[in-house]
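Structural characterization, general
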Amino acid sequence: MNNALTIDVEDYFHVTAFEGTVQRKDWDYYPLRVVDNTHRVLDLLDEFGRRGTFFVLGWVAEKAPELVRAIARRGHEVACHGYGHELVYTLSREDFRRDVTSAKSLLEDILGQPVTGYRAPSYSITERSMWALDVLVEAGFTYDSSIFPIVHDNYGVPHAERFPHVIEREAGSLVEFPLTTLRTRLLGREFNLPIAGGGYLRLLPASLVARGIKRINRAERQPAVLYFHPWEVDPDQPRIKAGLKSSFRHYLNLDKTEDKLRHMLCAVPFGTMRAAIAEWSEARQACPAAEAAAEAT
């Protein structure tokens, strides 16, 4: 089964954890490390023969268009992460439209081909910003990967569907590929354990995450998605002074990320999100035919 390997291409100073410390007007004053870090990721994926989907921030694409071309040239899918890394639920509908359409157009101009996938900064399509899905459909996106079925202080739709599904909106339909969770029981209570990557991969043993994805593939017959950021393979990045919680979330186990990714790339089959969705769609279309054949016999 094809699982989706995804990389959110942003720099260390873009993250939501530092938005109270780092002002957007000052981004140009911070050393740009995303180019070298992304090339490090590309080399790692080449080493394991893996392909992935890179959700590129428009701000990064504008600063480093050759990086976007290099991602595509090396066989990976380029998708959209918005332009300014602003939380969707803090924007008006029109501001969000401007953000995603400007980023999409920028990426398409660089690549000379359509960009059809989107992921919100910090998974900020939540119950209070579902209107954003209509904007994505209107802008020409065919899939989204922004909804995280967990409880979290910055994001999450706890009761959302856990696996790829088609969402019907007034503007049309698109495929939602949620961030992966493992249904778990602890102390008599069921909950969704986030095993989609990022800080969760840095916190949890890689072997546990790999086993969880394999269980989802085998027992639930569903694809999973793993995500991380180029700054997560960069333990030497400049330290930004922030609160205890923000610092913990950002800096935890940065020196262990690459080894954990190597474990995941060895243990689990991965490809692009576009390929995973295509395989899921084919299986979905084949199910009714298989059921009809079984009834006929």
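Residues numbered from 1 in each chain as written. Predicted model: local features only at pLDDT ≥ 70, side-chain atom pairs only at ≥ 80, totals over all residues. Heavy atoms only, no water.

**Re the pattern of salt bridges**
- For the coordinates displayed, the defined rule picks out 25 salt bridges.
- Arginine 40 is the partner of glutamate 258 in a salt bridge, and the nearest nitrogen-oxygen pair spans 2.7 Å. With glutamate 258 in helix α9 (residues 257-267) and arginine 40 in helix α1 (residues 34-48), the pair connects residues that are 218 residues apart, well separated along the chain.
- Ionic pairing is found between arginine 97 and glutamate 138, a salt bridge with its closest N-O pair at 2.7 Å. Taken together, the positions of arginine 97 in helix α4 (residues 93-111) and glutamate 138 in helix α5 (residues 131-139) put the pair 41 residues apart, joining distant regions of the chain. (Salt bridge = Lys/Arg side-chain N within 4 Å of Asp/Glu carboxyl O. Helix = DSSP H or I, 4+ residues; strand = E, 2+ residues; numbered from the N terminus.)

**Remarks on the packing of aromatic side chains**
- On inspection of all chains with the given rule, the structure shows 14 aromatic pairs.
- Taking 5.4 Å as the distance between ring centres and 75° as the angle between the ring planes, the aromatic pair formed by tyrosine 123 and tyrosine 155 counts as edge-to-face. With a gap of 32 residues between them, tyrosine 123 in the loop between β4 (117-118) and α5 and tyrosine 155 in the loop between β5 (143-144) and β6 (165-169) connect regions that are remote in the sequence. Each member of the pair, tyrosine 123 together with tyrosine 155, is buried. (Phe/Tyr/Trp six-rings, centres within 6.5 Å; stacked < 30°, edge-to-face > 60°. Buried < 20%, exposed > 50% of the residue type's maximum accessible area, 1.4 Å probe, protein only.)

**Let's talk about the side chain of aspartate 99**
- With respect to the element layout, aspartate 99 can be found in helix α4.
- The side chain of aspartate 99 sits in the buried core without any salt bridge; arginine 24 is the nearest counter-charge, 7.6 Å away.
- One polar contact links the side chain of aspartate 99 to the main-chain amide nitrogen of tyrosine 83, over a distance of 3.1 Å.
- Leave out the neighbours within four places in its chain, and aspartate 99 touches Gly82, Tyr83, Gly84 and Glu86. (Lys, Arg positive; Asp, Glu negative; His and termini not counted. Polar contact = N/O pair within 3.5 Å; in protein donor to acceptor, adjacent residues only side chain to side chain. Contact = heavy atoms within 4.5 Å.)

**Some thoughts on the packing of helix α7 (residues 206-220) against α9**
- Running from N to C, α7 and α9 point in directions that differ by 30°, and their axes come no closer than 9 Å. As the angle between them shows, α7 and α9 are arranged roughly parallel. For the pair α7 and α9, the sense of crossing is right-handed. Residues Ala206, Ser207, Val209, Ala210, Ile213 and Lys214 of α7 lie in contact with α9, whose contacting residues are Lys260, His263, Met264 and Ala267.
- Of the residues in the contact of α7 with α9, the class split is six nonpolar, two polar and two charged. (Axes fitted to C-alpha atoms, helices over the stretch in contact; angles between N-to-C directions. Parallel < 35°, antiparallel > 145°, perpendicular 65-115°, else oblique. Left-handed = near helix turned anticlockwise from the far one by under 90°. Nonpolar A, V, L, I, M, F, W, Y, C, P; charged D, E, K, R; others polar.)

**Digging into the layout of surface pockets**
- There is about 600 Å³ of room inside the largest pocket.
- Forming the walls of the largest pocket are 28 residues, and the residues nearest its centre are His152, Tyr155, Gly199, Arg202 and Arg249.
- Sorting the residues of the lining of the largest pocket by element identifies α6 (198-203) and α8 (244-251) as the ones contributing at least two each.
- For the lining of the largest pocket, the element with the most residues is α8, which contributes five residues.
- A breakdown of the residues in the lining of the largest pocket according to their chemical character gives 11 nonpolar, 10 polar and seven charged.
- What lines the second largest pocket is Met1, Asn2, Arg221, Gln222, Pro223, Ala276, Glu279, Trp280, Ala283, Arg284 and Cys287. (1 Å grid on protein atoms, 1.4 Å probe; cavity = no way out; pocket = protein on both sides within 12 Å on 5 of 7 lines; lining within 4 Å. Points joined across faces, edges and corners; volume = space filled by probe spheres on them.)

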